[in-house]
Amino acid sequence: MSYAALFEDEDDIFGGSPRSKLMDVIFNANNDIVRQELENFIEKVAVMELMLEEKVGDDIDGAIAQYRVTHLDEAAQKTKSLYVELMGAILSQSE
């Protein structure tokens, strides 16, 4: 799911960038919830790295860097979407 459409620029209706708002949430939400969501996120990245390793070999960092260079806009939008996704996962469990 893409949440990037919510953010046409860095200063949006939420009063900051997706990155800054996620940091606000991380430092103010329930510590146990944040820990669990970060663990879930790291596990997801680990599985994606294994999948990517099957496709491109051991140089995952090189493959990612090359892809990023050729897909700058898409990578920036996906990054914003992931900030919002993680923030939503934390907030949806907060009291």
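What counts, and where the lines are drawn
- Residues numbered from 1 in each chain as written.
- Predicted model: local features only at pLDDT ≥ 70, side-chain atom pairs only at ≥ 80, totals over all residues.
- Heavy atoms only, no water.
- Core = buried A, V, L, I, M, F, W, Y, C linked by side-chain atoms within 4.5 Å.
- Buried < 20%, exposed > 50% of the residue type's maximum accessible area, 1.4 Å probe, protein only.
- Helix = DSSP H or I, 4+ residues; strand = E, 2+ residues; numbered from the N terminus.
- Contact = heavy atoms within 4.5 Å.
- 1 Å grid on protein atoms, 1.4 Å probe; cavity = no way out; pocket = protein on both sides within 12 Å on 5 of 7 lines; lining within 4 Å.
- Points joined across faces, edges and corners; volume = space filled by probe spheres on them.
- Nonpolar A, V, L, I, M, F, W, Y, C, P; charged D, E, K, R; others polar.

A word on the nonpolar core. If you look at the biggest cluster of nonpolar residues, it comprises 10 residues: Leu22, Val25, Ile26, Ala29, Ile33, Val34, Val84, Leu86, Met87 and Ile90. Within the residue set of this core, elements represented by two or more residues are α1 (18-28), α2 (31-56) and α4 (72-91). For this core, the element with the most residues is α4, which contributes 4 residues. Setting aside anything within four residues of it in sequence, one finds Ala29 in contact with Val34, Ile90 and Ser94.

This part covers the layout of surface pockets. The calculated volume of the largest pocket comes to roughly 760 Å³. What lines the largest pocket is a set of 18 residues, among which Met48, Ile64, Tyr67, Lys78 and Leu82 lie closest to the centre. Of the residues in the lining of the largest pocket, the class split is 11 nonpolar, 1 polar and 6 charged.

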